[in-house]
Amino acid sequence: MPNRQPSAHTVEKIGGTSISNTAAVLENVLIGGRKGSALYNRIFVLSAYNGMTDRLLEHKRTGKPGVYALFARVRSRSAWVEAVAEAHREMRRINAEIFGNSPERRVADDFVSDRIEGVRGCLLDLQRVCSYGHFKIEEHLNAVREILAAQGEAHSTHNTVLLLRTLGVEAMFVDMTGWRDDTEMSLDARIGKALSAIDLGKQLPIVTGYGQCPGGLMRLYGRGYTEATFARIAVLTGAREAIIHKEFHLSTADPKIVGIERARAIGRTNYDVADQLANLELEAIHWAAAKELRHSNIPLRIKNTFDPDCGGTVITRDYVSDTPRAEIVVGFRGVYALELFDQDMVDVIDYDAEILQTLKAHAVRVVTKTSNANTITHYLAAAPEAIAPAVKALEEKFPTANIATRKVSIVSAIGSALNGQSLTAIAVQALADACIDVLGVQQLMRNVDIIFIVDELRLDDAVRALHSALIEDIRLRLTAQASAARTR
């Protein structure tokens, strides 16, 4: 581990959209007004430039194939080779944008050429070997996905180190991708080895968000692997605080829905709330990263790269609002409600277990579920093409059941203290006033979220209605009460 004073440093992650804006990241995050020793006692973990991992794998949202998808599914050599070339051209374009005609551009171009040509040669050799019947390409696809993913973080990290060194910062390139390294070690061991010789008081480590480890970081954590690396580094080095720099605030609602003038940074919340957000696929922090930080009692601060004067939102293990209130309203589109009705279900203890096994076998994720004596409804996050085979398998397993599906939206009010008895009533009334039919309501005794199921087309309307009633109106009421108390 690096030489440091106990709890003197932070571990900070810079997201893809943020790191793509070089000027803003330098001014607002990496350097700003810092000089001398103020530049150090920080460890930075970097994502790939915006869109680069999509090019190397597949588009995260649309599924448009990148290098990996073309190699794995199409198997057309010309298709994936051209995709490799396109990724290489994009990397060089970024280098030119950052370094212009400076000597560093040549260094940056040589670096990505070595990496991309190395990967290209590796894939060509693998495809050639697997043309023989004794070798199956499917057995190597996980490794292909890992090595491709790693190149995005290697590129952004190497560039950032070059740039910082031109500005007089003692930046250190910490490459954990395992490039041409045949040593197998755990992620913890790789982190320890990579940081062992670094003096945090005098050097600024810039670390790749990808770290090679047994089982594969991508396979273990999906596209949240950079946050898993970031959190593990924070835990192993005993960070004072973990910080994520994003292109947006963790706000009371999506500003695109409620309006930028109405949304506010949350300010403070806890990891229980962060877990609910992750369940609804809101990009706050990956659940595995939150788990690491929560267990080690490390505070997480989420900051907007482009609003450096705002302290952002601090997430801690034990925070609970002293006033019952919602802290954020979020919506989740494209959810499938799968309702299974069976009169023979009553008093069958393991009935739901068999449903869950079937859904898991079809790679369908359950967001939440409700049940009564003879009906179980699962709300599913899955690609449309995965739903029909799952339903067919359930119909075969439960021939006496009636199974129906419907596309819906989930809207959830989330907070560290939703224990006010009137909050649910206020929320239901707000939706009724907006003429929004509530298809389902769910609230647990832990009082951390209230979930409403609404028609898929009414999501934005529902978010606006709940934000207005549960956050804006209550905030105004609390402000008025505080003002009245001060005047007494």
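Described in the following lines is the structure provided in the data block. Everything quoted here is computed from the prediction, not taken from an experiment.

Rules used in this analysis
Residues numbered from 1 in each chain as written. Predicted model: local features only at pLDDT ≥ 70, side-chain atom pairs only at ≥ 80, totals over all residues. Heavy atoms only, no water. Pairing = 2+ DSSP bridges. Helix = DSSP H or I, 4+ residues; strand = E, 2+ residues; numbered from the N terminus. Axes fitted to C-alpha atoms, helices over the stretch in contact; angles between N-to-C directions. Salt bridge = Lys/Arg side-chain N within 4 Å of Asp/Glu carboxyl O. Buried < 20%, exposed > 50% of the residue type's maximum accessible area, 1.4 Å probe, protein only. Left-handed = near helix turned anticlockwise from the far one by under 90°. Contact = heavy atoms within 4.5 Å. Nonpolar A, V, L, I, M, F, W, Y, C, P; charged D, E, K, R; others polar. 1 Å grid on protein atoms, 1.4 Å probe; cavity = no way out; pocket = protein on both sides within 12 Å on 5 of 7 lines; lining within 4 Å. Points joined across faces, edges and corners; volume = space filled by probe spheres on them.

This paragraph deals with the sheet that holds strand S13 (residues 438-443). What the six strands build is an open sheet, ordered S10-S11-S9-S12-S14-S13; its pairing is antiparallel. With partners counted over all chains shown, the strands left at the sheet margins are strand S10 (365-371) and S13, one partner each. Here the strands of the sheet are splayed against their neighbours by 30° on average, with no regard to which way each runs. Where S10 and strand S11 (residues 375-381) come together, six bridges link them in antiparallel fashion.

Before going further, it helps to spend a moment on the pattern of salt bridges. A full pass over the atoms with the stated rule returns 30 salt bridges. Residue Arg 223 is joined to Glu 58 by a salt bridge in which the shortest nitrogen-to-oxygen separation is 3.8 Å. Of this pair, Arg 223 sits in the loop between helix H9 (217-221) and helix H10 (225-237) while Glu 58 sits in the loop between helix H3 (52-56) and helix H4 (67-74); the two residues are 165 residues apart in sequence, bridging distant segments of the chain. Given the relative accessible area of 11%, Glu 58 is considered buried. Residue Arg 406 is joined to Asp 455 by a salt bridge in which the shortest nitrogen-to-oxygen separation is 3.3 Å. A residue pair is termed long-range when its members are at least 10 positions apart, and Arg 406 in strand S12 (residues 402-414) and Asp 455 in strand S14 (residues 449-455) qualify at 49 residues. Given a relative accessible area of 41%, Arg 406 falls into the partly exposed group. Overall, the relative accessible area of 26% leaves Asp 455 in the partly exposed class. Connected through shared salt-bridge partners, Asp 54, Glu 58, Arg 145 and Arg 223 make up one network.

For the pair helix H14 (residues 351-361) and helix H15 (residues 384-397), interaxial distance at closest approach is 9 Å and the crossing angle is 145°. The hand of the H14/H15 crossing is right-handed. From H14, Glu 354, Ile 355, Thr 358 and Leu 359 reach across to H15, where they touch Ala 390, Ala 393, Leu 394 and Lys 397. Taken together, the residues that form the contact of H14 with H15 break down as five nonpolar, one polar and two charged.

With that out of the way, let us pick up the layout of surface pockets. Taken as a whole, the second largest pocket spans an internal volume of roughly 540 Å³. In terms of lining residues, the second largest pocket is bounded by 25 residues, among which Ala 143, Thr 177, Gly 178, Asp 181 and Gln 212 are the most central. Every element with two or more residues in the lining of the second largest pocket is listed here: helix H6 (103-129) and helix H7 (141-166). At six residues, H7 tops the list of elements feeding residues into the lining of the second largest pocket. Here the residues of the lining of the second largest pocket are counted per class, giving nine nonpolar, nine polar and seven charged.

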